[in-house]
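Structural overview for review
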Amino acid sequence: MAEHTTWDTVILGAGAAGMMCATQSGGSTLLLDHAKAPGEKIRISGGGRCNFTNLYASPENFLSANPHFCKSALSRYTQWDFIDLVARHGIAYHEKTLGQLFCDNSAKDIIAMLQSEMAQAGATLWLETTIDSVDHDGTDFSVTLTRQGRQHRLTTRNLVLATGGKSIPKMGATGLAYDIARQFGLAVTDTRAGLVPFTFSDARFKPISGVAHPVRATADGKAFEEAMLFTHRGLSGPVMLQISSYWRESQPISINLFPDSDPFETLRARRQAQGRRNLTTELASLLPARLVDHLAEQMDLSGNLADQSDSALRHLCDALQNWQMVPTGTEGYRTAEVTLGGIDTDMLSSKTMEAKAVKGLYAIGEAVDVTGWLGGFNFQWAWSSGWAAGQAIAQSRA
Ligand SMILES: Cc1cc2nc3c(=O)[nH]c(=O)nc-3n(C[C@H](O)[C@H](O)[C@H](O)COP(=O)(O)OP(=O)(O)OC[C@H]3O[C@@H](n4cnc5c(N)ncnc54)[C@H](O)[C@@H]3O)c2cc1C
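So, how was this worked out
Residues numbered from 1 in each chain as written. Predicted model: local features only at pLDDT ≥ 70, side-chain atom pairs only at ≥ 80, totals over all residues. Heavy atoms only, no water. Near = heavy atom within 4 Å. Areas by Shrake-Rupley, 256 points an atom, 1.4 Å probe, with all protein chains shown as cover. Helix = DSSP H or I, 4+ residues; strand = E, 2+ residues; numbered from the N terminus. Nonpolar A, V, L, I, M, F, W, Y, C, P; charged D, E, K, R; others polar. Core = buried A, V, L, I, M, F, W, Y, C linked by side-chain atoms within 4.5 Å. Buried < 20%, exposed > 50% of the residue type's maximum accessible area, 1.4 Å probe, protein only. Contact = heavy atoms within 4.5 Å. Disulfide = S-S within 2.5 Å. 1 Å grid on protein atoms, 1.4 Å probe; cavity = no way out; pocket = protein on both sides within 12 Å on 5 of 7 lines; lining within 4 Å. Points joined across faces, edges and corners; volume = space filled by probe spheres on them. Pairing = 2+ DSSP bridges. Axes fitted to C-alpha atoms, helices over the stretch in contact; angles between N-to-C directions. Left-handed = near helix turned anticlockwise from the far one by under 90°. Arc of directions from axis to C-beta.

1. Focus on the site of the ligand
The ligand sits among 30 residues. The nearest are A17, D33, T174, E366 and F379. Taken by itself the ligand offers 1,000 Å² of open surface, and the protein chains cover 91% of this. With 4 residues, helix α12 (residues 377–397) is the largest single contributor of residues to the shell around the ligand. Its residues assigned to classes, the shell around the ligand comprises 13 nonpolar, 13 polar and 4 charged.

2. A word on the nonpolar core
One finds I110, L257 and I343 to be the most contacted residues of the largest nonpolar core, which totals 120 residues. Looking at this core element by element, the count peaks at 10 residues for α12. Setting aside residues up to four positions removed in sequence, I110 forms contacts with I42, C50, F52, F82, V86, I91, C103 and W383.

3. Section: the state of the cysteines
Inspection of the entire model under this criterion finds 0 disulfides. With no disulfide partner, C103 has as its closest neighbouring cysteine sulfur the one in C50, 5.4 Å distant.

4. A few points about the layout of surface pockets
Approximately 250 Å³ is the volume attributed to the second largest pocket. R192, R248, L340, G341 and D369 are the residues nearest the centre of the second largest pocket, which is lined by 15 residues in total. In the lining of the second largest pocket, the residues fall into 4 nonpolar, 6 polar and 5 charged.

5. Topic: the sheet that holds strand β5 (residues 93–95)
Across the sheet, which stays open at both edges, the 3 strands sit in the order β3-β6-β5 with antiparallel pairing between neighbours. Each edge of the open sheet carries a strand with a single partner, namely β3 (51–54) and β5. Within this sheet the neighbouring strands show an average axis-to-axis angle of 30 degrees, counted without direction. As paired elements, β3 and strand β6 (residues 100–103) share 3 bridges and run antiparallel to each other. Looking across to β6, one finds that N54 is bridged to Q100. Here helix α4 (residues 79–88) sits on the sheet and contacts β3, β5 and β6; the angle it forms with β3, its principal contact strand, is near 140 degrees.

6. Some words on the packing of helix α1 (residues 16–24) against α12
Two elements in contact, α1 and α12, have axes separated by 7 Å at closest approach and are oriented at 35 degrees. Taken as a pair, α1 and α12 cross one another with a handedness that is right-handed. Mapping the contact onto sequence places A16, A17, M20, C21 and Q24 in α1 and F379, A382, W383, G386, W387, A389, G390, Q391, I393 and A394 in α12.

7. So, the sheet that holds strand β13 (residues 212–219)
Overall, antiparallel pairing links the 7 strands, which are arranged β17-β16-β13-β14-β15-β12-β18 in an open sheet. The sheet terminates laterally at β17 (323–325) and β18 (329–330), the two strands that pair on one side only. Relative to strand β15 (residues 234–236), strand β12 (residues 198–199) runs antiparallel, the two being bridged by 2 bridges. Within β15, the residue paired with T199 across the bridge is G234. Along the sheet face, helix α11 (residues 310–321) touches β16 (253–256) and β17 and points at about 120 degrees away from the line of β16.

8. A short note on helix α6 (residues 176–183)
Within α6, the full set of buried residues consists of A177, Y178, I180 and A181. End-on, the buried residues of α6 take up no more than an arc of 165 degrees, which puts them together on one face. Contact partners of the buried residues in α6: β1 (3–12), β8 (129–136), β10 (150–161) and β19 (338–340). Taken from the residues just after α6, G185 is the one with a positive phi, measuring 85 degrees.

Function cannot be inferred from these measures alone, as they are strictly geometric.
What follows is the structure, encoded as structure tokens:
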């Protein structure tokens, strides 16, 4: 016989969004997860220091079929609200770059903070729990699960889908939120890997793997300026992760190796002053030497500066400022930091995250079709959407 208990709220997934929701929902709240510990992605994020938000977070930093959807939640629980929470818990942090806030110490501080807030709110956490099925009788949801070898049946008025996206299946990512959403008639947009390195079938960058350089990368009309890293398999580094979220298969990426300077003017001036200097030596004073070796092979660069006509220099600089390449693909969900797409925002209230057609069903975090840029934006979406749902649930009981 399955044990049967009743809860006000059951949250599926004890990640960033689920835990934030549990700190707000009040009443009897149960958080379920199949992992051994809550917030595993928080733990490994930001190289173990968790880039927990961004000073400049705004709706422009998010991708979604409906770019307006994220506005309400982001404006009601902002980066400043989360920073305030972090400060109240005495967690030291710093800005690394571009508004990205990281813990001084460890990402575990953020998990401990959320657990302490959950304990204060009286929420219960069940780990290593398998969710077997979910049903709805028109008023209440029932969840059947297996925990410590025993089957349980729960009844709840509010069910929150917070099991995240498909990124990094090795860490326990599943498509459960999408499956349950579909079961209740909610549309799910196409999903694909985002914030992910590019691959090339011919391993063309293997000889220069490890070389990094700041560039501007453009794809599908969107541009980012940050460091690019050549790898054994292709291209990575923050700029490539950012642009990967905008890239579609078979599209070219344009790379400007001189985002902040005019190489044509520089090389022309040097030709004037030091015409006998070697072209590749001069380029190696502007770009990493191993990259120049690679380019010299590809583009047949040779001779002295004085040998280069204006039009030859112009041609070379155009090529270096608009280096076009078409990646074969990406590393996919195996290493992607996020999943693009997800539960269709048309199905949800942007204020409460509740399904418009199914009272008491909520979806939050990465499971929803809202995806942030690299830089703390994805956690901010998890906090804001989790808070919005938690608050709405608390108010619905008032
Ligand atoms: C390596 C890496 C580094 C990252 N670094 C950053 C960063 O520094 N800053 C930033 O903003 N974002 C970062 N992200 C993205 C960020 O981690 C996610 O966007 C965020 O965790 C999403 O929160 P969520 O609560 O929606 O989902 P998650 O945090 O993924 O939580 C989902 C939870 O659901 C559980 N679950 C899944 N399927 C099931 C199932 N079938 N049954 C039971 N439980 C299930 C999982 O175990 C997990 O605990 C990073 C991601 C990765 C992979």
